[in-house]
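Commentary on secondary and tertiary structure
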Amino acid sequence: MKFREKVTSYMKKQGMLQMGDHLLIGVSGGADSICLLQLLYDLAEVWKLSLTAVHVEHGIRGEESERDAEYVRQFCAHLQIPLELRHVNIPEIARREHLSEEEAGRMMRYRIFAEIGESVGAAKIAVAHHMDDQAETVLANLARGSGVLGGGAMRPVGASVIRPLLCVRRSEIEAFLREEGITFCTDATNEETKYTRNYLRKCILPEMTERVNARTVEHLAAFAEDMQKLQDYLRQQAEKLLEESSTLEKERITISLEPLRCCPEIIWEELLRCALERTGCGRKDITREHIRSMRELTALQSGRRIDLPGGWRAEKSFDCLVISKESGQELMLPEIRLLPRSLPSQIPLTEFVTDLGKKTEAFCEPELHLSLRRIEKDLPDAEKNISLKQYTKWMNYDKISDDLMLRTRRKGDYLILNGSGAKKKLKDYLIEEKVPRELRDRIPLIARGSEILWVIGGRMGEGGKLSNETENVLVLEVKDSVNMGGKKDE
């Protein structure tokens, strides 16, 4: 099959192009990118493509780099393809960002591609990676310990990137250019083996081709395709399980462990990677060691945690694994004196957690309020049972002192359990109720000093309960301020 037909057939098979696409084309001036530009130019009329070339001058090779930029300018002018030329200082960026020059160059190229793509309305970026590049990537990723994900190397079609030349060798590209009489630039730094890719290209792959198998490059590229298929299957299974076993909030995902007890380890690992993506943490800088540590965390006791890159953390919370973003700030919730004050009154409960039953996922909506009023005890018997309701409590107004507070927990807080005065630490009560540690500081409490009279949404302490001598009752009720209906007790 001729070169053009081979590449065109591959592009169609991979679904790279749609009629009328506007493409950015990364053009360095080397053989690969010049070949790509020429091929897409040849297809432009049939596919009604709009093309914009992008050249990023890295500020590394001085006059030679300027020569390449000028060649790209002339070649694009000859084809009448618009060119966006950008100059950046990669050595300086690498020092500032603590990256290698290879990493800094790649980061800046794709950043510039994204900026130009948005400005000209191009949704796809065509880059000139070929089969030899793919083989190098597979080896580099495996050497770094990137596992199944790294084994898949570069995909033909990404979120916004297409790679039409992954189906051909570098030797095929150069042969095509010779046949067409097209010249190209040669980057002298490609001969320097201090760069990882150059070392793999100049030393490792030729040695493997000679000593191991003459088709080493083709086999590594085929391995990448197989691994991509495996990745797709694992991700499909992991996404399905994650959907069934997790709840997602902003920068926080809670995974129920019970449904996943018998899950194969490889699915578990992919599930954790998917969970990291859903929270916004992503996969950048997440290593196999991080995934292994998170997996081991699921077998430890509640409260154990590990730190992840970028200020994220994973924590075992009873029968759940919670992945969340560290806020970096101490949570400050209001402390409000309830008495003395004029009654009735309403106090907003914004930012508190008000439903122990739902545990990790239930946060108070902004329209919820704590309503207080005083009534006389002489009421029908049916109304005397109101304190049995979860979100409405009666308290002995006659015995409550002026220091009654709405607040969150403090060290030394306790509940009185019965008329004999038996006490339980608030911390122990919250653990028994399986309230995750990270939510315990957001539960609203009705307190008198260190004595907790009511854990709103949970237990009421003995100290605030009515007695035969009670004449006046303090009614506390969580209400929706929109319809003034009880939150749960209807």
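Summary of the structure given here. (Residues numbered from 1 in each chain as written. Predicted model: local features only at pLDDT ≥ 70, side-chain atom pairs only at ≥ 80, totals over all residues. Heavy atoms only, no water.)

Attention now goes to helix α10 (residues 216-245). Taking 1.5 Å as the rise per residue, α10 with 30 residues should run 44 Å; its terminal C-alpha atoms sit 42 Å apart, in good agreement. Considered for burial, the residues of α10 that qualify are Thr-216, Val-217, Leu-220, Ala-221, Ala-224, Met-227, Gln-228, Gln-231, Leu-234, Ala-238, Leu-242 and Ser-245. (Helix = DSSP H or I, 4+ residues; strand = E, 2+ residues; numbered from the N terminus. Expected span 1.5 Å × (residues − 1). Buried < 20%, exposed > 50% of the residue type's maximum accessible area, 1.4 Å probe, protein only.)

Take the sheet that holds strand β2 (residues 50-57) next. In space, the 5 strands of this open sheet follow the order β3-β2-β1-β4-β5, with parallel pairing throughout. Of all strands in the sheet, those with a lone pairing partner are β3 (83-87) and β5 (161-162), marking the two edges. Relative to β5, strand β4 (residues 124-126) is paired through 2 bridges, and the arrangement is parallel. Counted as the bridge partner of Ile-125 is Val-161 from β5. The sheet contacts of helix α2 (residues 31-47) involve β1 (22-26), β2 and β4, and relative to β1 the element is tilted by about 160 degrees. (Pairing = 2+ DSSP bridges. Contact = heavy atoms within 4.5 Å. Axes fitted to C-alpha atoms, helices over the stretch in contact; angles between N-to-C directions.)

This paragraph deals with the environment of Leu-343. Mapped onto the secondary structure, Leu-343 falls in the loop between β11 (336-337) and β12 (345-348). With relative accessibility at 24%, the residue Leu-343 sits in the partly exposed group. For the pair Leu-343 and Ser-371, spaced 28 residues apart in sequence, the C-alpha to C-alpha distance is 9.3 Å.

For the structure on display, the rule yields 35 salt bridges. Salt-bridge contacts for Glu-97 lead to Arg-96; the nearest nitrogen and oxygen are separated by 3.8 Å. Residue Glu-97 is classed as partly exposed on the basis of its relative accessible area, which comes to 38%. As a salt-bridge pair, Lys-424 and Glu-432 come within 2.9 Å of each other at their nearest N and O atoms. Here the residues in one salt-bridge network are Arg-235, Glu-239, Glu-243, Glu-270, Arg-273, Glu-277 and Arg-278, joined through shared partners. (Salt bridge = Lys/Arg side-chain N within 4 Å of Asp/Glu carboxyl O.)

Next up on the list: the pairing of strand β15 (residues 404-407). Neither face of β15 is exposed, since Leu-404 and Leu-406 on one face and Met-405 and Arg-407 on the opposite face are all buried. Direction of pairing for β11 relative to β15: antiparallel, over a ladder of 2 bridges. Each bridged residue has a counterpart across the sheet, and for Arg-337 the counterpart in β15 is Met-405. Pairing between β15 and strand β18 (residues 445-448): 4 bridges, direction antiparallel. Its bridge partner lying in β18, Arg-407 is registered against Leu-445.

Here the focus is the pairing of strand β8 (residues 305-308). A one-sided burial pattern is seen for β8, the buried positions being Ile-306 and Leu-308 and the unburied ones Arg-305 and Asp-307. Pairing analysis gives 4 bridges linking β8 to strand β9 (residues 312-317), with the strands arranged antiparallel. Looking at β9, one finds that Asp-307 is bridged to Arg-313. In textbook terms, the turn of a hairpin is the stretch between consecutive antiparallel strands, and for β8 and β9 this stretch comprises 3 residues, one of which, Gly-310, has a positive phi near 75 degrees.

What follows is about unusual backbone geometry. For Gln-80, which is not glycine, the phi torsion reads 60 degrees and is therefore positive. Turning to its location among the elements, Gln-80 is positioned in the loop between α3 (63-79) and β3. Taking the relative accessible area as the measure of exposure, Gln-80 reaches 73% and is therefore exposed. Its identity is not glycine, yet His-98 carries a phi of approximately 60 degrees, on the positive side. By the secondary structure assignment, His-98 is in the loop between α4 (90-97) and α5 (101-120). With a relative accessible area of 73%, His-98 lands in the exposed category.

It is worth spelling out α4 at this point. Those residues of α4 that fall on the buried side of the exposure criterion are Ile-90, Pro-91, Ile-93 and Ala-94. Taken end-on, α4 shows its buried residues confined to a sector of 165 degrees, consistent with a single buried face. Structurally, α4 contributes buried residues whose contacts are with α5. (Arc of directions from axis to C-beta.)

Let us look at the packing of aromatic side chains. How two aromatic rings sit relative to each other is given by the distance of their centres and the angle of their planes. Following the criterion strictly, the structure yields 3 aromatic pairs and no others. Consider the rings of Phe-3 and Phe-176, whose centres lie 4.8 Å apart with planes at 20 degrees: the pair is stacked. Placement of the pair is Phe-3 in helix α1 (residues 3-14) and Phe-176 in helix α8 (residues 170-180), with a sequence separation of 173 residues. There is no split in this pair, since Phe-3 and Phe-176 are both buried. Here Lys-423 stacks its cationic end above the ring of Tyr-414, 4.4 Å away from the centre of that ring. (Phe/Tyr/Trp six-rings, centres within 6.5 Å; stacked < 30°, edge-to-face > 60°. Lys NZ or Arg CZ within 6 Å of the ring centre and 35° of its normal.)

To continue, consider the packing of α2 against α8. The contact between α2 and α8 brings their axes to 10 Å, and the two run at 60 degrees. On the basis of the axis angle, α2 is oblique to α8. By crossing handedness, the relation of α2 to α8 is classed as left-handed. The segment α2 lies against α8, with Ala-31, Asp-32, Ile-34, Cys-35 and Leu-39 engaging Arg-170, Ile-173, Glu-174, Phe-176 and Leu-177. Of the residues that constitute the contact of α2 with α8, the class distribution is 7 nonpolar, no polar and 3 charged. (Parallel < 35°, antiparallel > 145°, perpendicular 65-115°, else oblique. Left-handed = near helix turned anticlockwise from the far one by under 90°. Nonpolar A, V, L, I, M, F, W, Y, C, P; charged D, E, K, R; others polar.)

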